[in-house]
Amino acid sequence: MATIASTEANETSRRTRSRGLWSALVAISYIQAAPLLLILGFFFVLPILTIIVVSFWDYDFAGLYPDFLTMNYTDTLGSWVTWKTYLNTLKLTAITWALTLFIGFWVAYFLAFHIRTTTMQMVLFLVCTVPFLTSNIIRMISWIPVLGRNGLVNSTLIELGIIPQPIEWLLYSDFAVVLAMVHLNTLFMVTPIFNTLMRIDRSLIEAARDCGASSWQVLWNVVLPLAKPGMAIGSIFVVTLVMADFSTVQVMSGGQSASVALMMKNQMSLLQYPAAAANAVVLLIVVLLMVAAILRVVDIRKEL
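These numbers come from a predicted model, not from an experiment.

1. Overview of the domain arrangement of the protein
Working step 1: Entries for the protein in the domain assignment read domain 1 (1–55) and domain 2 (79–302).
Working step 2: Of note, the centres of domain 1 and domain 2, computed from C-alpha atoms alone, are 43 Å apart.
Working step 3: With 5 residues of domain 1 at the interface, the matching set in domain 2 holds 7 residues.
Working step 4: Carbon and sulfur atoms supply 87% of the area that domain 1 and domain 2 bury against each other, a total of about 390 Å² over both sides.

Written as structure tokens, this is what we have:
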């Protein structure tokens, strides 16, 4: 009996020590995560909650009035102008996404499979990042002397006799907006795709070729399926950046095109902060739905 009692006491003591050790580990984990939680809470969660709260406030030309009104959402969702602006934003986003995906994949494919040395791969990749050493505004303005009525493109085409007069839609149009957006965001597509392609086991490609697959069959059946996570990550980057871009639309369209972000910017310039906040909430929901759709198609957890 004494032996059984001693064994039970030892087991109880061991369980107590295990629970105490587990509690200590949990406490240490919470302490380690506390700085990150504070940073995310202060710089991410708190601003979003503030925007949501302000979106229900009342306002006039004199100031803001804390309240709980759905007027801002009613005005936003009940206006045909707003819907047209959202549709135009989605159109610009879709075109930019398709072009950046096409260009970004082939640039990444060339760097990953046609450049043999790692050093040269890094050098060429750094060359792709050179435009990012300047601001977005400078890169956008640099297109004006190229695409303008008396710019480089029109002057060259007229001198070659290809066109009799300057092409008007090269600048201050949706074409110019998309061109600038592709220029600004292609690298965000190249980087994750290149990272994914570099992780592909080259023995898989050799095995496909040994089985008689052509280059296009290898690309379609081996490379593209394995590159989907990188393409999804790049798509998330490009979609979120383009949907929130207002400066490119404002500069490159010359005020002839509109986007949701530009509409919000104009509302804030008129001190209509609750209306802008309501648009921001709607835009956030739309972007989250688009990101969720991408994540439903492709599982990117392998890349994270």
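So that's the structure; there's more coming.
2. Considerations on the UniProt feature "transmembrane region" (unreviewed entry) in the protein
Working step 1: Annotation from UniProt places "transmembrane region" (unreviewed entry) at residues 24–57, 92–111, 123–144, 175–197, 218–244 and 273–298.
Working step 2: Spanning residues 218–244, this segment combines 96% helix with 0% strand, and its end C-alpha atoms are found 37 Å apart.
Working step 3: Secondary structure content for residues 273–298 is 96% helix and 0% strand, while the C-alpha to C-alpha distance between its ends is 37 Å.

3. Observations regarding the confidence of the model for the protein
Working step 1: Mean pLDDT over the protein stands at 84; residues scoring 70 or higher make up 92%.
Working step 2: Across the protein, helix H3 (residues 80–114) holds the top mean pLDDT of 91, while helix H1 (residues 2–54) sits lowest at 73.

4. Re the nonpolar core
Working step 1: Among the nonpolar cores identified, the biggest contains 42 residues, and Phe105, Phe113, Ile193, Leu197 and Val223 are the most heavily contacted of them.
Working step 2: Mapped by element, the contributors of at least two residues to this core are H3, helix H8 (174–198), helix H9 (202–210), helix H10 (215–243) and helix H11 (247–253).
Working step 3: Looking at this core, the element that brings in the most residues is H8, giving 13 residues.
Working step 4: Those residues in contact with valine 223 that lie beyond four places of it in its chain are Phe105, Tyr109, Phe113, Leu197, Ile200, Ile205 and Val218.
Working step 5: With 21 residues, the next largest nonpolar core counts Ile233, Val260, Val281 and Val287 among its residues.

5. Some remarks on the packing of H9 against H10
Working step 1: At their nearest, the axes of H9 and H10 sit 10 Å apart, and the two run at 160° to each other. As summarised for this structure, H9 and H10 are arranged roughly antiparallel, according to the angle between their axes. Remark: the crossing between H9 and H10 carries right-handed chirality. Across from Leu204, Ile205, Ala208 and Arg209 in H9, the residues of H10 making contact are Val218, Val222, Val223 and Leu226.

6. Notes on H3
Working step 1: Over its 35 residues, H3 extends 50 Å from the first C-alpha to the last, a length consistent with the 51 Å expected when each residue adds 1.5 Å.
Working step 2: The backbone nitrogen of valine 81 lies 3.3 Å from a side-chain oxygen of the residue at the head of H3, namely serine 79.

7. Some remarks on the side chain of arginine 139
Working step 1: By the element assignment, arginine 139 lies in helix H5 (residues 136–141).
Working step 2: The contact partners of arginine 139, leaving out residues within four places of it in the chain, are Pro131, Phe132, Thr134, His183 and Leu184.

8. Considerations on the packing of aromatic side chains
Working step 1: Under the definition given, this model contains 10 aromatic pairs.
Working step 2: Aromatic pair tryptophan 106 and tyrosine 109: ring centres 5.7 Å apart, planes at 80°, arrangement edge-to-face. Of this pair, tryptophan 106 and tyrosine 109 are both found in helix H3, 3 residues apart, which corresponds to roughly one turn of the helix.
Working step 3: Using a relative accessible area of 16% as the deciding quantity, one classes tyrosine 109 as buried.
Working step 4: Judged by centre distance (5.6 Å) and plane angle (20°), the rings of phenylalanine 125 and phenylalanine 194 are stacked. Residue phenylalanine 125 is located in helix H4 (residues 118–128), and its partner phenylalanine 194 is located in helix H8; the two are separated by 69 residues in the primary sequence.
Working step 5: Its relative accessible area of 16% is what places phenylalanine 125 among the buried residues.

9. A closer look at the packing of H3 against H4
Working step 1: H4 packs onto H3 with a crossing angle of 160° between their chain directions and a minimal axis gap of 9 Å. Here H3 is positioned roughly antiparallel relative to H4, judged by the angle of their axes. Remark: the crossing between H3 and H4 carries right-handed chirality. Residues Val107, Phe110, Leu111 and Ala112 of H3 form the contact with H4, whose own contacting residues are Gln121, Leu124, Phe125 and Cys128.
Working step 2: In the contact of H3 with H4, the residues fall into 7 nonpolar, 1 polar and no charged.

Procedures and definitions
- As a convention, each chain's residues are numbered from 1 in the sequence order in which they are written.
- pLDDT decides what is reported in this predicted model: residues at 70 or higher carry local features, side-chain atom pairs at 80 or more are listed and counted, and totals for whole chains, interfaces and linings draw on all residues regardless.
- Calculation of side-chain values draws on the structure's entire complement of heavy atoms; hydrogens and water are dropped beforehand.
- Segmentation into domains, and thus their bounds, comes from an automatic or database assignment.
- Note on contacts: a residue pair qualifies if any of its non-hydrogen atoms lie within 4.5 Å across the two residues.
- Accessible area that two parts lose when put together, evaluated with a 1.4 Å probe and summed over both, is termed the buried area.
- UniProt positions are given in the numbering used here, feature names are shortened, and annotations may be inferred rather than shown by experiment.
- Helix numbers and strand numbers start at the N terminus; a helix is a DSSP run of H or I with at least 4 residues, a strand a run of E with at least 2.
- For every residue, the pLDDT score states the predictor's confidence, bounded by 0 at the bottom and 100 at the top.
- Nonpolar cores were defined as sets of buried Ala, Val, Leu, Ile, Met, Phe, Trp, Tyr and Cys residues, with membership established by side-chain atoms within 4.5 Å.
- Burial classes follow relative accessibility: with a 1.4 Å probe on protein chains only, a residue under 20% of its type's maximum area counts as buried, one over 50% as exposed, and anything between as partly exposed.
- Every axis in this analysis is a line fitted to C-alpha atoms, fitted for helices over the stretch in contact. Angles between the N-to-C directions lie between 0 and 180 degrees.
- By the definition adopted for this analysis, an angle is roughly parallel if under 35 degrees, roughly antiparallel if over 145, roughly perpendicular if from 65 to 115, and oblique otherwise.
- The hand of a helix crossing depends on one turn: near helix anticlockwise from the far one by less than a right angle means left-handed, and clockwise means right-handed.
- Multiply 1.5 Å by the residue count of a helix minus one, and that product is the helix's expected span.
- Pairs of N or O atoms within 3.5 Å make up the polar contacts considered here, provided that, within protein, one atom can donate a hydrogen while the other can accept it, and that residues adjacent in sequence are counted only when both atoms are side-chain atoms.
- Between rings of Phe, Tyr and Trp, where Trp is taken as its six-membered ring, a pair exists when centres lie within 6.5 Å; planes separated by under 30 degrees are stacked, by over 60 edge-to-face, and by other angles tilted.
- Polar here means any residue outside two lists: the nonpolar Ala, Val, Leu, Ile, Met, Phe, Trp, Tyr, Cys and Pro, and the charged Asp, Glu, Lys and Arg; Gly therefore counts as polar.

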